[in-house]
Amino acid sequence: MTEPVLMPVADATEDRPPVVTDDGGLRGGRCASCGAGSFPQAYICPTCNATDIQPTTLSGEGSLYSWTTVHISASFPTPYSLGYVDLADGLRVLGQLVAEPAELACDLPVQVVATDASPTGWGFRPVEGVSA
Amino acid sequence: MSITATTSATVVGGAMIKMGKHRTSSYSGLAAPAALGALHDAGITKADVQAVFCGHAFGGMLTGQRIVKELGIGDVPVTNIDNACSGGATAVHAAVRAIEDGHVDVALVIGVDKLTQFGGGTLPLVKEDPEVQQGIVMPAVYAMRAQRFLHERDATVEDLAEVAVKARRHGAANPYAQFQSEVTVDEVLASRPIADPLTLMQCCPTGDGAAAVVVMSEAARRRSGLGGMRAAASVLHSGQFEAGFRDMLWPEISSHSARDAYEAAGIGPEDLDVVELHDAFTIAELVYYEALGLTERGGAVDLLRSGRTTYGGDVVVNPSGGLLSKGHPVGASGVAQVVEALWHLSDRAGARQVDDARWAMTHVTGGGIAGLDHGACTIHLFERAS
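**Observations concerning the overall build of chain B**
Scanning chain B from N- to C-terminus turns up 13 helices and 13 strands. Against the 2.2 N^0.38 benchmark of 21 Å for 386 residues, chain B shows a C-alpha radius of gyration of 19 Å, consistent with a compact globule. Looking at the 386 residues of chain B, the share that counts as buried comes to 65%. Once local pairs closer than 6 in sequence are excluded, the contacts in chain B between residues at least 24 apart make up 78%. Seen as two clouds, the 30 positive and the 44 negative side-chain charges of chain B have centres 5 Å apart.

Shown next as structure tokens:
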């Protein structure tokens, strides 16, 4: 029996679906073998090394673990704010924060949003009416 | 995981150039003087060098060979090593291993980088990384650590600033530092914002630099009648990917590396006299106090305020002034720390000498990768040679 020729993963393509799903979640992956979630969608499961990762919609809500407003960067016009968000289903995601710095605080409830106000086209904003 | 418990590798000579903005120097121009200086300091010649290890991140192909050809060193194996901020220390680690393995008696280690080639700003990161695509920069990584630190701890931005004040006070006595002037808490906090809550003076400056050491087997050292210091531990760890929650105040890569280093050397943090740790940003020093075991978890601010980590205290942290005073030419920093340790352990540190220093730790960790605390961490423990 001949082994199939290994081919690379096209993980650097620009042709990707929007990060935010129509129902307000995050487009990620879930391992069909062990159930581990991933964002962005993994192609090899870091937990069990299976390769059957299925697209899934991850929770778009989470808690802002920490944040900063960046004043020097070659990536995007400054200032912009970034934060690590612990999603309700356990993943940590770095994203742009669509909010004034004065609104931001550790442990603030946030939700994902698709918006042109973020240079990446998506980000997290504080859940309205809720403070940390 | 890569752990080396060493009893027979020693550092017998070292040199560095003054750190700073050396726009008119090439990588060779930066590093060749340090390499020659290290050979002179060790009392050996190029003919004694059996292997060369060169740590750098941005030098391009064959940086090590480009440097040592200026000294007429060839034929022997030259290995170029990139491990971001740990590249230079990883080169030291590789040299120690080569000596432990027994196929090399004398190795030359070079660390070098030239950051002014990028014209200023933050360290260029690899755009393939998903967090880099979101706009992460190294100051933002540390800023988020700082923000969480302020949230969880009884700490203020003044405490962060005090780290820079201490570093600059130490650096003022170091002729090799880029900054040789003291600053106040008010000046630190009034400097321009970089990534909140970190201000400019809480970030290591852009710079160029090079350092070199000669690593020798204990047998060769004794034959040569040289002093120097014994590498009691040489530890290299890589970051472990985590898709979910990570405690940004507890960098497991540094704590695991320290644990393994203490175990290999048979000492504990209470035995250390000098520590050169990776203070790329003020918050880093506070977080690493705990990860390296210099205090218990939660004790970082009290340790800093106590004065125990400056002159007159029981462990002087960053007597060189650290990266906050020297700058952080990525690949050079880990080797420069080892040179600083050598100077203290052989009573050659001049005005900044830590009296009666017997044990020194050097610690570098770095690289921004999504899902990892850092990409690499290298810790060495050195004991004054008897």
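Next comes the rest of the write-up.
**With respect to the interface of chain B and chain A**
Residue-level contacts link 29 residues of chain B with 31 residues of chain A. Its largest share of buried area at the contact with chain A, chain B owes to Q134, M144 and R148 of chain B, together 26% of the area lost on that side. The tally of links from chain B across to chain A stands at one salt bridge. A salt bridge links D107 of chain A to R148 of chain B; its shortest N-O distance comes to 2.9 Å. Remark: the boundary between chain B and chain A carries 16 residue pairs in polar contact (both at pLDDT 80 or more). Those elements giving two or more residues to the side of chain B that touches chain A turn out to be helix 4 (130–133), helix 5 (138–152) and strand 6 (193–195) of chain B. Here the side of chain B that touches chain A gets seven residues from one element, more than from any other, and that element is helix 5 of chain B.

**Quick word on the pattern of salt bridges**
Residues and elements named next belong to chain B. Taken as a whole, this structure holds 22 salt bridges over all chains when the rule is applied. In this structure, R221 engages E218 in a salt bridge whose closest nitrogen and oxygen atoms are separated by 2.9 Å. Placement of both R221 and E218 in helix 8 (residues 218–224) is noted, with a separation of three residues, approximately one turn of the helix. The buried category is assigned to R221, whose relative accessible area is 3%. With a shortest N-O distance of 3.1 Å, D247 and R297 are connected by a salt bridge.

**Some words on the sheet that holds strand 3 (residues 53–58) of chain A**
Residue and element names in this part refer to chain A. Taken in spatial order, the three strands of this open sheet run 2-1-3, and their pairing is antiparallel. At either end of the open sheet lies a strand with only one pairing partner, and these are strand 2 (37–38) and strand 3. Here strand 1 (residues 26–31) pairs with strand 3 via six bridges, running antiparallel. Among the inter-strand pairings, C31 is bridged to a residue of strand 3, identified as I53.

**Describing a nonpolar patch on the surface**
A surface patch of nonpolar side chains, about 270 Å² in accessible area, is lined by V9, Y43 and I44 of chain A. Along the chain, I44 of chain A turns up in the loop between strand 2 and strand 3.

**What about the pairing of strand 4 (residues 78–81) of chain B?**
All names here are of chain B. Judged from the four bridges that link them, strand 3 (residues 51–55) and strand 4 form a sheet pairing that is parallel. Across the sheet, C54 pairs through a bridge with N80, a residue of strand 4. Remark: the strand 3/helix 2 (residues 63–68)/strand 4 crossover connection has right-handed handedness.

**So, the pairing of strand 1 of chain A**
All names here are of chain A. Bridge count for strand 1 against strand 2 is two bridges, and the pairing is antiparallel. Pairing of G29 across the sheet is with S38, part of strand 2. Between the antiparallel neighbours strand 1 and strand 2 lie five residues, among them G35 with a positive phi of about 85°.

**Details of the packing of aromatic side chains**
Tallied over the entire structure, the rule returns seven aromatic pairs over all chains. With a centroid separation of 5.6 Å and 90° between ring planes, the pair formed by Y65 of chain A and F245 of chain B is classed as edge-to-face. In this pair, Y65 of chain A sits in strand 4 (residues 61–70) while F245 of chain B sits in the loop between strand 9 (229–238) and helix 9 (252–265), so the two residues belong to two different chains. Exposure remark for F245 of chain B: the relative accessible area of 51% places this residue in the exposed category. Members of the aromatic cluster, connected to one another through ring pairs, are F39, W122 and F124 of chain A.

Each value, and the rule that gives it
- Residues numbered from 1 in each chain as written.
- Chains lettered and ligands numbered in written order.
- Predicted model: local features only at pLDDT ≥ 70, side-chain atom pairs only at ≥ 80, totals over all residues.
- Heavy atoms only, no water.
- Helix = DSSP H or I, 4+ residues; strand = E, 2+ residues; numbered from the N terminus.
- Rg over C-alpha atoms; globule rule 2.2 N^0.38 Å.
- Buried < 20%, exposed > 50% of the residue type's maximum accessible area, 1.4 Å probe, protein only.
- Contact = heavy atoms within 4.5 Å.
- Lys, Arg positive; Asp, Glu negative; His and termini not counted.
- Charge placed at Lys NZ, Arg CZ, Asp CG, Glu CD.
- Buried area = accessible area lost by both parts, 1.4 Å probe.
- Salt bridge = Lys/Arg side-chain N within 4 Å of Asp/Glu carboxyl O.
- Polar contact = N/O pair within 3.5 Å; in protein donor to acceptor, adjacent residues only side chain to side chain.
- Pairing = 2+ DSSP bridges.
- Patch = residues over 30% accessible without salt bridge, like charges linked within 9 Å, V, L, I, M, F, W, Y side chains within 5 Å.
- Areas by Shrake-Rupley, 256 points an atom, 1.4 Å probe, with all protein chains shown as cover.
- Right-handed = clockwise from strand over helix to strand, strands pointing away.
- Phe/Tyr/Trp six-rings, centres within 6.5 Å; stacked < 30°, edge-to-face > 60°.

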